[in-house]
Amino acid sequence: MSFGKMSIANGFLTKADFKNEYFFNLEVGFCQNCYMVQLTELVDRNKMFHDNYAFYSSTSRGMADHFKEMAEDVIGRYGLGTESFIVELGSNDGIMLKHFAERLIPHLGVEPSSNVANIAQGNGINTMCAFFDEKVAQDIVSEYGKADMVLGANVMCHIPNIHSVVSGIKLLLKTYGLLIFEDPYLGEMLKRTSYDQIYDEHAFYFSLASLSWLFKQHGMEIISVEPQNVHGGSMRYTVANIGEYAVTPSVESLIDNEKFYGFHFHETYDSFRDNVKLSRSSLISLLHKIKKDRKRVVGYAATSKSTTVLNYCGIGTDLIEFISDTTPIKQGKFSPGMHIPVRPYENFTERYPDYALLFAWNHMKEVMDKESNFSLAGGKWITFVPEVRIMS
Ligand code: DWN
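All values reported here derive from a predicted model rather than from experimental measurement.

(A) Local environment of the overall build of the protein chain. Counting its regular elements, the protein chain contains 14 helices and 17 strands. The C-alpha atoms of the protein chain give 21 Å as radius of gyration, which agrees with the globular expectation for 392 residues (21 Å, within 12%). For the C-alpha atoms alone, the extent of the protein chain along its principal axes is close to 65 × 50 × 40 Å. In the protein chain, of all internal contacts separated by at least 6 residues, the share reaching a separation of at least 24 is 68%. Per element, the accessible surface of the protein chain, about 16600 Å² overall, is 51% carbon and sulfur. In the protein chain, 37 positive and 46 negative side-chain charges are present, and the distance between their average locations comes to 7 Å.

Right, dumping it as structure tokens:
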């Protein structure tokens, strides 16, 4: 399915940048051999991850809590301590690794965007600035030795050269070592029609079927799966060398579920495409109706996901006044492609709009908890996941 001409999801720009803005064709395909759903055109990684990367993991309170729980869970479950060595891929500003650092557990973050890597480093979290691959894995082994555990949250699906990454992880891990990672789950994206998960940074949309095939090529297998209630429905996978650990029943159960829901057939993706088109037309009609009624709409959170929605639906400043966001690096700039102004969060609270279009729908609870005054003032929320509606 094609979403047409698209900008870099986190490519927030100044007016001077407009004339040189980069576009690509955002399209996803499904492989009937390996069951992978993935982008068909990839953007050069240096255009996405660099010294000005606009996403700082620590912008959500809910995600900070989630990664604290994840760290505590793996430390407790696998008895990690000062003799262990763990590596996190795509460690961003150190939101998870800090919990290992606090317990003096030897660790290393590998993060390609230097601005966020520097924050982690400044907070005493051992971080190297690099795109992880087999060569980097070899360098880490030479300097630190093999790892007990490799972690990744919202990173594996970002890396197109996935075979080099898996080879690197295998090389880096001890024989009994574990890879534990989580990413948005394809099943949730299909169920919720959350097509906004599709953007340049997300090269893959993983299912258990596609990942099992992938890891098998490298002598590894998924030994457990655990659904996570973050980022619109994610899955946490634990992966080991084949035969080293017992495979838990969670794996068979999810395989059966994916078969039941037809993840192996292109018809499933055809239905998703139809649902996406319906979602687009409903959102456009709703916003036009609101505009006709002369009401104000402001976007809430300039998420990466919003770039897909705004460009695919052709929503510009004619329908949305501005987008409010808490990240300083985005404020004062314009949204990729549609060039909607991104303003500080305070611009939202100072003069509430009639409607707020919630781009951070994945943080719904956190947002609703802190925005009760908006509703009290008569403001209404618009969401588009799982369907377009004004929330009561
Ligand atoms: O995979 C990825 C996910 C995990 O994080 C990355 N490729 C990039 C990023 O995606 P995103 O930008 O869609 O993430 P979020 O967490 O849905 O949105 C973050 C943005 O929302 C930040 O710019 C901050 C903003 N925000 C806000 O303004 N007010 C977020 C919250 C919770 C808020 O209350």
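(B) View of the layout of surface pockets. Quantified by volume, the second largest pocket comes out at close to 490 Å³. In terms of lining, the second largest pocket is formed by 23 residues, of which the most central are Asn229, Asn362, His363, Met364 and Lys365. Sorting the residues of the lining of the second largest pocket by element identifies helix H2 (61-78) and helix H13 (364-370) as the ones contributing at least two each. Here the residues of the lining of the second largest pocket are counted per class, giving six nonpolar, 11 polar and six charged.

(C) The arrangement of the site of the ligand in detail. If you check the shell around the ligand, you find 24 residues, and the closest are Glu201, Lys305, Lys330, His363 and Lys370. Here an oxygen atom of the ligand sits 2.6 Å away from a polar atom, N or O, in the side chain of Lys305. Here Asn362 contributes a side-chain N or O atom positioned 2.9 Å from an oxygen atom of the ligand. Computed on the free molecule, the ligand has an accessible area of 710 Å², of which 97% lies beneath the protein chains in the complex. Sorting the residues of the shell around the ligand by element identifies helix H11 (304-313) and H13 as the ones contributing at least two each. Among the elements that make up the shell around the ligand, the one with the highest residue count is H13 (three residues). Residue composition of the shell around the ligand, by class: seven nonpolar, 11 polar and six charged.

(D) Examining the sheet that holds strand E3 (residues 37-39) more closely. One open sheet accounts for four strands, arranged E1-E2-E3-E9; its pairing is antiparallel. Only two strands of the sheet have a single neighbouring strand rather than two, namely strand E1 (2-7) and strand E9 (204-205). Bridge count between strand E2 (residues 23-30) and E3: three bridges; the pairing is antiparallel. Opposite Phe30, over in E3, you have Val37 as the bridge partner.

(E) Molecular detail of the pattern of salt bridges. What the rule picks out here adds up to 17 salt bridges. With a closest N to O distance of 3.9 Å, Asp73 and Arg236 form a salt bridge. Of this pair, Asp73 sits in helix H2 while Arg236 is found in strand E11 (residues 234-241), placing the two residues 163 residues apart along the sequence. Here Lys191 ties to Glu188 by a salt bridge, and the two come within 3.5 Å at their closest N and O atoms. Here Lys191 and its partner Glu188 are both found in helix H7 (residues 186-192), three residues apart, which amounts to about one turn of the helix. Accessibility expressed as a relative area gives 60% for Lys191, which makes it exposed.

(F) Highlighting the packing of aromatic side chains. Across all of its chains, the model carries 23 aromatic pairs by this definition. Relative to Trp381, the ring of Phe348 lies with its centre 6.3 Å away and its plane at 40°, an arrangement referred to as tilted. Residue Phe348 is located in helix H12 (residues 346-350), and its partner Trp381 is located in strand E16 (residues 380-383); the two are separated by 33 residues in the primary sequence. Like Trp381, Phe348 is buried.

(G) The nonpolar core, seen in detail. Judged by nonpolar contacts, the single largest core of 108 residues is most densely connected at Met156 and Tyr237. Per-element tally for this core: the top contributor is helix H10 (residues 266-292), with seven residues. Residues within four places of Met156 in sequence aside, it is in contact with Leu89, Ile162, Val165, Val166, Ile169, Leu179, Phe181, Asp183, Phe204, Phe206 and Phe215. By size, the runner-up hydrophobic cluster in this structure holds 25 residues, among which are Phe67, Ala120, Leu151 and Ala240.

(H) Representation of H11. Counting buried residues along H11, 10 of its 10 residues qualify, which places the element largely inside the surrounding structure. Restricting attention to buried positions, one finds in H11 the residues Ser304, Lys305, Ser306, Thr307, Thr308, Val309, Leu310, Asn311, Tyr312 and Cys313. Against E1, E2, H10 and strand E13 (323-325) lie the buried residues of H11. Positive backbone phi, at 65°, marks Gly314, one or two positions downstream of H11.

(I) How the structure looks around the sheet that holds strand E8 (residues 173-184). If you trace the seven strands from one edge of the open sheet to the other, you get E6-E5-E4-E7-E8-E11-E10, paired in mixed fashion. At either end of the open sheet lies a strand with only one pairing partner, and these are strand E6 (127-128) and strand E10 (220-228). As paired elements, strand E4 (residues 86-89) and strand E5 (residues 107-110) share four bridges and run parallel to each other. Paired with Val87 across the strands is Leu108, a residue of E5.

(J) How the structure looks around the side chain of Ser113. Structurally, Ser113 can be placed in the loop between E5 and helix H4 (114-122). Here His50 takes part through its backbone nitrogen, which lies 3.4 Å from a polar atom of the side chain of Ser113. In this view, Ser113 contacts Phe49, His50, Tyr53 and Cys129; residues no more than four positions away in its chain are not counted.

(K) Representation of empty space enclosed by the protein within the structure. In the structure shown here, the tally under the stated rule is one cavity of 30 Å³ or more. By volume, the largest cavity amounts to about 60 Å³. The wall of the largest cavity is formed by Cys157, Pro184, Tyr185, Leu186, Met189, Gln197, His202, Phe204, Tyr205 and Phe206. Elements supplying a minimum of two residues to the lining of the largest cavity: H7 and E9. In terms of residue class, the lining of the largest cavity is made up of eight nonpolar, two polar and no charged.

How each quantity is defined
- Residues numbered from 1 in each chain as written.
- Predicted model: local features only at pLDDT ≥ 70, side-chain atom pairs only at ≥ 80, totals over all residues.
- Heavy atoms only, no water.
- Helix = DSSP H or I, 4+ residues; strand = E, 2+ residues; numbered from the N terminus.
- Rg over C-alpha atoms; globule rule 2.2 N^0.38 Å.
- Contact = heavy atoms within 4.5 Å.
- Areas by Shrake-Rupley, 256 points an atom, 1.4 Å probe, with all protein chains shown as cover.
- Lys, Arg positive; Asp, Glu negative; His and termini not counted.
- Charge placed at Lys NZ, Arg CZ, Asp CG, Glu CD.
- 1 Å grid on protein atoms, 1.4 Å probe; cavity = no way out; pocket = protein on both sides within 12 Å on 5 of 7 lines; lining within 4 Å.
- Points joined across faces, edges and corners; volume = space filled by probe spheres on them.
- Nonpolar A, V, L, I, M, F, W, Y, C, P; charged D, E, K, R; others polar.
- Near = heavy atom within 4 Å.
- Polar contact = N/O pair within 3.5 Å; in protein donor to acceptor, adjacent residues only side chain to side chain.
- Pairing = 2+ DSSP bridges.
- Salt bridge = Lys/Arg side-chain N within 4 Å of Asp/Glu carboxyl O.
- Buried < 20%, exposed > 50% of the residue type's maximum accessible area, 1.4 Å probe, protein only.
- Phe/Tyr/Trp six-rings, centres within 6.5 Å; stacked < 30°, edge-to-face > 60°.
- Core = buried A, V, L, I, M, F, W, Y, C linked by side-chain atoms within 4.5 Å.

The values are spatial; any link to function lies outside them.
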